[in-house]
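Per-entry structural report
Chain residues, written in single-letter form:
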Protein chains: 4
Amino acid sequence: MLQYRTAGESHGRYMLAVVEGLPAGMPVRPDFADEILRRRRTPAGRSSRMSMEDDAVDIISGIYRGRTTGAPVAVLVANRDSRIDKDIPPITAPRPGHADLAGIAKYLLKDARPVAERAGGRETVARCVAGALAGLFLARFGVDVLGYVLRIATLPLSMRVASLERARALRNRSKIYSLTPKHDPAAEKLIESARRSGDTLGGEFVVRAEGVPPGLGSPVQWDERLDARLAAAIVAIPSVKGVEIGGGFSLAGMKGSKAHDAIVPGAGRAKAPRRVGNYAGGIEGGMSNGQPIVLRAAVKPVPTTGAPRVSVDVRTGKKARTAAERADICVVPAISVVGEAVVAFEIARAMREKFGGDTLKEMESNFGSYIRALRRLHSKR
Amino acid sequence: MLQYRTAGESHGRYMLAVVEGLPAGMPVRPDFADEILRRRRTPAGRSSRMSMEDDAVDIISGIYRGRTTGAPVAVLVANRDSRIDKDIPPITAPRPGHADLAGIAKYLLKDARPVAERAGGRETVARCVAGALAGLFLARFGVDVLGYVLRIATLPLSMRVASLERARALRNRSKIYSLTPKHDPAAEKLIESARRSGDTLGGEFVVRAEGVPPGLGSPVQWDERLDARLAAAIVAIPSVKGVEIGGGFSLAGMKGSKAHDAIVPGAGRAKAPRRVGNYAGGIEGGMSNGQPIVLRAAVKPVPTTGAPRVSVDVRTGKKARTAAERADICVVPAISVVGEAVVAFEIARAMREKFGGDTLKEMESNFGSYIRALRRLHSKR
Amino acid sequence: MLQYRTAGESHGRYMLAVVEGLPAGMPVRPDFADEILRRRRTPAGRSSRMSMEDDAVDIISGIYRGRTTGAPVAVLVANRDSRIDKDIPPITAPRPGHADLAGIAKYLLKDARPVAERAGGRETVARCVAGALAGLFLARFGVDVLGYVLRIATLPLSMRVASLERARALRNRSKIYSLTPKHDPAAEKLIESARRSGDTLGGEFVVRAEGVPPGLGSPVQWDERLDARLAAAIVAIPSVKGVEIGGGFSLAGMKGSKAHDAIVPGAGRAKAPRRVGNYAGGIEGGMSNGQPIVLRAAVKPVPTTGAPRVSVDVRTGKKARTAAERADICVVPAISVVGEAVVAFEIARAMREKFGGDTLKEMESNFGSYIRALRRLHSKR
Amino acid sequence: MLQYRTAGESHGRYMLAVVEGLPAGMPVRPDFADEILRRRRTPAGRSSRMSMEDDAVDIISGIYRGRTTGAPVAVLVANRDSRIDKDIPPITAPRPGHADLAGIAKYLLKDARPVAERAGGRETVARCVAGALAGLFLARFGVDVLGYVLRIATLPLSMRVASLERARALRNRSKIYSLTPKHDPAAEKLIESARRSGDTLGGEFVVRAEGVPPGLGSPVQWDERLDARLAAAIVAIPSVKGVEIGGGFSLAGMKGSKAHDAIVPGAGRAKAPRRVGNYAGGIEGGMSNGQPIVLRAAVKPVPTTGAPRVSVDVRTGKKARTAAERADICVVPAISVVGEAVVAFEIARAMREKFGGDTLKEMESNFGSYIRALRRLHSKR
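Attention in this report is confined to the structure presented alongside it. (Residues numbered from 1 in each chain as written. Chains lettered and ligands numbered in written order. Predicted model: local features only at pLDDT ≥ 70, side-chain atom pairs only at ≥ 80, totals over all residues. Heavy atoms only, no water.)

Each helix and strand in chain A was counted, giving ten helices and 17 strands. Taking 2.2 N^0.38 as the reference for a compact globule, 381 residues should give roughly 21 Å; the C-alpha atoms of chain A span a radius of gyration of 22 Å, in line with that estimate. Out of the 381 residues in chain A, the part that is buried amounts to 69%. Counting only contacts in chain A whose residues sit at least 6 apart along the sequence, the fraction spanning at least 24 positions is 70%. Entry remark: accessible area of chain A is about 12400 Å², with carbon and sulfur atoms responsible for 52%. Here chain A contributes 60 positively and 39 negatively charged side chains, and the mean placements of these two sets differ by 5 Å. (Helix = DSSP H or I, 4+ residues; strand = E, 2+ residues; numbered from the N terminus. Rg over C-alpha atoms; globule rule 2.2 N^0.38 Å. Buried < 20%, exposed > 50% of the residue type's maximum accessible area, 1.4 Å probe, protein only. Contact = heavy atoms within 4.5 Å. Areas by Shrake-Rupley, 256 points an atom, 1.4 Å probe, with all protein chains shown as cover. Lys, Arg positive; Asp, Glu negative; His and termini not counted. Charge placed at Lys NZ, Arg CZ, Asp CG, Glu CD.)

A few words now on the interface of chain C and chain D. Contacts between the two partners involve 112 residues from chain C and, on the opposite side, 112 residues from chain D. Among the residues chain C hides against chain D, the three largest losses belong to Trp222(C), Lys241(C) and Phe249(C). Together they make up 10% of the total. Applying the counting criterion to the chain C and chain D interface returns four salt bridges. Between Arg5(C) and Asp223(D) there is a salt bridge, with its nearest N and O atoms 2.9 Å apart. Looking at the side of chain C that touches chain D residue by residue, the class counts come to 56 nonpolar, 26 polar and 30 charged. (Buried area = accessible area lost by both parts, 1.4 Å probe. Salt bridge = Lys/Arg side-chain N within 4 Å of Asp/Glu carboxyl O. Nonpolar A, V, L, I, M, F, W, Y, C, P; charged D, E, K, R; others polar.)

Residue and element names in this part refer to chain C. What the rule picks out here adds up to 120 salt bridges over all chains. The partner of Arg296 in a salt bridge is Glu204, with the nearest N and O atoms 2.4 Å apart. Highlighted residues: Arg296 in strand E15 (residues 293-299) and Glu204 in strand E9 (residues 203-210), separated in sequence by 92 residues. Among the residues examined, Glu204 registers a relative accessible area of 3% and is labelled buried.

What follows covers the interface of chain A and chain D. Chain A puts 40 residues into the contact, and the matching count from chain D is 41 residues. Both sides together, the interface formed by chain A and chain D hides about 3200 Å², and carbon and sulfur atoms give 55% of it. Our enumeration of links across chain A and chain D arrives at six salt bridges. With a closest N to O distance of 2.6 Å, Asp58(A) and Arg13(D) form a salt bridge. Across the contact surface, chain A and chain D share 14 residue pairs in polar contact (both at pLDDT 80 or more). For the side of chain A that touches chain D, the element with the most residues is strand E1 (residues 3-8) of chain A, which contributes five residues. Grouping the amino acids of the side of chain A that touches chain D by side-chain chemistry returns 17 nonpolar, nine polar and 14 charged. (Polar contact = N/O pair within 3.5 Å; in protein donor to acceptor, adjacent residues only side chain to side chain.)

A word on the relation of the copies chain A and chain D. Once turned by 180 degrees and shifted 0.0 Å along the axis, chain A lies on chain D with an RMSD of 0.0 Å. The superposition operator between the copies reduces to a two-fold rotation axis. (Least-squares fit on C-alpha atoms with pLDDT ≥ 70 in both.)

Residue and element names in this part refer to chain D. Strand order in the open sheet formed by four strands is E1-E2-E6-E3, and the pairing between neighbours is antiparallel. The outermost strands of the open sheet, each flanked by one partner alone, are strand E1 (3-8) and strand E3 (57-59). The mean angle between the axes of side-by-side strands here comes to 20 degrees, regardless of whether they run parallel or antiparallel. Bridge analysis of E1 against strand E2 (residues 14-20) gives six bridges, and the strand direction is antiparallel. Looking at the pairing, Arg5 lines up with Val18 of E2. Against the sheet, helix H5 (residues 124-139) makes contact with E1, E2 and strand E6 (73-78), and its axis sits at roughly 35 degrees relative to E2, the strand it touches most. (Pairing = 2+ DSSP bridges. Axes fitted to C-alpha atoms, helices over the stretch in contact; angles between N-to-C directions.)

For the match of chain C to chain D, the screw axis carries a shift of 0.0 Å, the RMSD comes to 0.0 Å, and the turn is 180 degrees. Mapped onto chain D, 100% of the interface residues of chain C again fall at the interface, so both copies present the same surface.

Residue and element names in this part refer to chain C. With respect to the helices, strands and loops of the structure, Thr322 is situated in the loop between strand E17 (319-321) and helix H9 (332-355). Judged by relative accessible area, which is 6%, Thr322 ranks as buried. Discounting residues that sit within four places of it in the chain, Thr322 has contacts with Ala93, Pro94, Arg95, Pro96, Pro308, Arg309 and Ser311.

A word on the packing of helix H5 (residues 124-139) of chain B against helix H9 (residues 332-355) of chain B. Working note: a packed helix pair is described by the angle between its axes plus the distance between those axes. Residue and element names in this part refer to chain B. The N-to-C vectors of H5 and H9 enclose an angle of 50 degrees; their axes lie 7 Å apart at closest approach. Relative to H9, H5 is oriented oblique. Relative to H9, the crossing made by H5 is left-handed. When H5 is examined against H9, the residues Thr124, Arg127, Cys128, Ala130, Gly131, Ala134, Phe137 and Leu138 are found in contact with a partner set consisting of Val337, Val338, Ala341, Val342, Ala344, Phe345, Ile347, Ala348, Met351 and Arg352. Looking at the contact of H5 with H9 residue by residue, the classes come out as 14 nonpolar, two polar and two charged. (Parallel < 35°, antiparallel > 145°, perpendicular 65-115°, else oblique. Left-handed = near helix turned anticlockwise from the far one by under 90°.)

In this section: the environment of Ala134(A). Residues and elements named next belong to chain A. Of note, Ala134 is situated in helix H5 (residues 124-139). By relative accessible area, which is 1% here, Ala134 ends up buried. Sequence separation of Ala134 and Lys319 is 185 residues, and the distance between their C-alpha atoms is 47 Å. Excluding its chain neighbours within four sequence positions, the residues that come into contact with Ala134 are Ala344, Phe345 and Ala348.

Note that every value here comes from positions in space, so none of it alone points to a role or purpose.
What follows is the structure, given as structure tokens:
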């Protein structure tokens, strides 16, 4: 089974991703994760410190002569801001919106630091590494996944996508990873204004996957449903507080006669039935239906604000202020990158389940057989 | 580990839930699931057939002299509408919004019936059974979970909760399981109007859990986070297309200085810090934080409308109409019951992980120790 | 993933097996498990009661028009000896060799009955059902699994196998499921003699699997190794106290130059290398190597002897005698059937992992591709 | 859940162990694994190279101020013999007894190197690291686990254990980790003789665990049984070909009246019933029964012999010789260390399941409650 585990703390020496279950024979270059990590690191809204950093990726296992072997691929990403324990201040005034107070309870602590170190956003570096490996893999099967920003605070941005290629080009030109780079200045102004007032912003992002074959996931058991797994992967990103598939909440107000994507005869000869619209967001009955998968997620504003927040010192029970920190103003663009990564990973996982095989070659052969069988299904009449 | 698996088809003889990992020594009466199944069956909006049915629950294992033994509890629920295979018509014109077309691809079928039988809403009977067992269990620890309807189509209903007890009383008086029974007529009118026009409706529901101790779930690994697990459980309910935790999508537009629940000194002596507000919906850092857990979900309108829908006959590739069926107009109330069940189950699962023990007695003792340790944590200064 | 769970108690109304992950489209007849259950029930050595019983198998889900659908296959087996709780005497004098005393501790009991009900050998009925489904599945891929008895108490029996077909014929003619029916009288005499002295017997059995393709299981992670999984499945059968793969313990005393199966060029043109000998028992590096898989297991004598045993009354702490019970004298033949079932299941599981696919057709196609690729591997030079 | 995953190749830069699920607050010193790794590295029989090496252990996560935090503990062990890919010769003549030929099939290779790198014994370094963490943990609960050698090739050694402490002292004085250091010269002579003839040796080892509370593991589901899990962990060690619990294979020939450990009243007042003998090896009904857990395992001789072996060149299909390698003559002592590690880990895992808790403190409290409840159980009459 394709899966990943991560280890590491925000100020530890390394973040670590261990990815198991990749097929053997897949080419992986040493710099495979550079692009996604750079994208995660450098959008507008992050603390200035970020843009100077550089994530040094080190593959320590699972690759032989440039290809996966089927063994676990373990990847270390060095933390430039690592500190030995005694240089990290304790957190005795838990910060609202962080893991601090819940973690103090869970682990019966007087210092939230050990929890905060693990719960911090830095860990998503490892998820991006896993997602980058999944992306290499998906590319072999024509599956393409794109994350982009849909809204910065109160500023809505476009969701319209001509083609994924075009959308990617636009997204890559935008400092906030929206599909409308021309609105960057407005977004940056919002961010700058928040920064000046010691505040932070949230927003929304979309992840869209195209080329996903129908029949991934399963209607059979609740925890095998593709929508459930994607929702879990998205909501598991720190700061995400909501997720929609396709029409999402807007479907709640629609009539049944309008809310479902009509099925009409395929064009040309022997084609699979076509769909009109994509309210389903590419998933019906817990399975991919061959349409683009579309997910939308809500990101709460960064809980660490420039201005200190009211809290309680857990050593005394008295009022205290949270420590002031130089931090990010808006992480929605960065989180959209993580969203892209985790969706890629879940789709890759569902692909591995359906197509099996120990090598990329076997898997490609199995995939090809399925696609041909699908075609035959809709042409033999 | 507490977990459940289900088996059974919509028109099979039985739905089956197998629940593993319940502590031994927990009293379970033969009628333990009657109340939840009745609630699932009988709200306004369901097909008239439903209200006449009765779900016969049969516990076939795991109980000795009225108490759990620690062995799997298997529960059969007889289907009153069971039919042998040859009496069920094939589904050759896949219905938009159902599992049909994706399932036809996944399993390379010319008849979607076998997929539809498993993907249908009837399977949620088994989830309710699992949830009822979880509910018995949670009651021993003072955890209370309530599902209710927040919106029927375009009709918004109240989210305000004085106390869970009071909310339950109101919910139980409402035919659509809202907290404002006085709005039932308006909702019923909407439903009736949809019925007359051969259409269906969606809506939203809330699940709220009170008394959840802090520290359930974990910030440590993405798939251990309580929010991710709850989101998966909710989205895995057929027809759910979105989920929010706490403030959800509305947080995306808020400033960081407002969007997080302030931490203030606890009242009295030796109390844990209190929170002001609950934008977090009871979960921070992937853990319960001791506040009520609040989830909101979007339900799409029932895809099977009274009027047939345009589709394609997969045997011919030509246009065809879906078969007309007498069906539900609005399942939001029924799904709110399923939502309550699956949230109860996930919280129970997180409780089992934290408190361990093979018997209810051990678990209660372990729970008590933790609660006392929490109190000491905040009083020893 | 192919997996099964079981539920039910020795004197409950049903044993239940729920098998998930079978490919869709596999024919399953209502009597699919009759043969294996009859074999489990009727060998020499079992209590006379057994031979009169009959296991009524009832498939309640996962089959549509005689074929699997991909949904869980749940199977009920009625217990002829079911009793309601109040008719089962408590077990207050724990029986040595049973789960009683350990279970009393685990669940803090004064009556071991609830544990004994689940830990009893009756539960293996459900494993046989799961194994029968796996067997149907394996037959499609030319994999054949045979369990047989190698030793009854001090009487050694033959391990030699000409062909699996021939071995099966012999095994089926033997009342104790050995490959030498002519030794049945000697074994029956031993059993009869034990019966008269109120005693019981153990023995050994073998499970042999032929036609297993190379490359199942994995060297990659300890819990993915085929040998580890097979050992777990065998040792998990109640009364099994040891397991060997291939040469097993005898290899410990051999020299390295003799203990490994030489690799020599394949006969004919383009053949895979052949092996000389099978000390490895068909598994190297945690993977099947294409040779027959051979496992040997030790079964302790039945702990419930006709003569009562010395014990302690857990209510008083005083000496007590275990209750006398009419029971089996030797269950080695019956357990060899369970061994066959669980080995078949584990091999089927490894097949599902390697070949993927949602339907039998896909899986067969994927399997065929792999076998062809293997041939090419050894012929393209 | 307590679990570990490993990554890394024999000639890679690092072996990696990632241990998840340790309770928070457990002290771990940087040198925690030095003793076990030294023991694995230096017994008689290993290649001379080994004794000069040194395993540099580097904890990269999960520890804050010297204690576990509840986050994954990732540990790197540098390989002194690491080589970049191009310096490792391919393996085109698969070695009998290794993963080579099966791996060539599984991954459709012409060079077994990538499989051999992962399947090699070096990976057990990571299992020892995981076992060392488990050992720290078990020590808090009075559980002590000892692995020792029972036989080198044809030379049997003692199994008698006065106390585990005494046994450990003896074991630590023996160069081959037996309990009778006085027999070391005989064993070393055997090893030396094998070395001179270019051959290798196998043997047997025992793992014994004392202080294990009753009730770990479960009779409820086959894969939860403690014996099944221990058997899997032992058999999963490369070169192990058999495992016994307690009396093991010798029980197969015994009468039921002799083969089970009598239950007699406990001494003193209010004591738990005592057992006479330990044929069960500490496990009944898949649960620990409070007696010492005793496992015995067979190790095949090292497959890589000093003299090359007959094989086939997979590129040509022609006869070829395996490459000569300087290697270990007998790894039974080293593997006994790995056996100790994996048994410790599995027991720790079962402890975590029964006692829950996020912190060591909670777990200790829960453990104490259970032990007191056990005492009450047997004293309240």
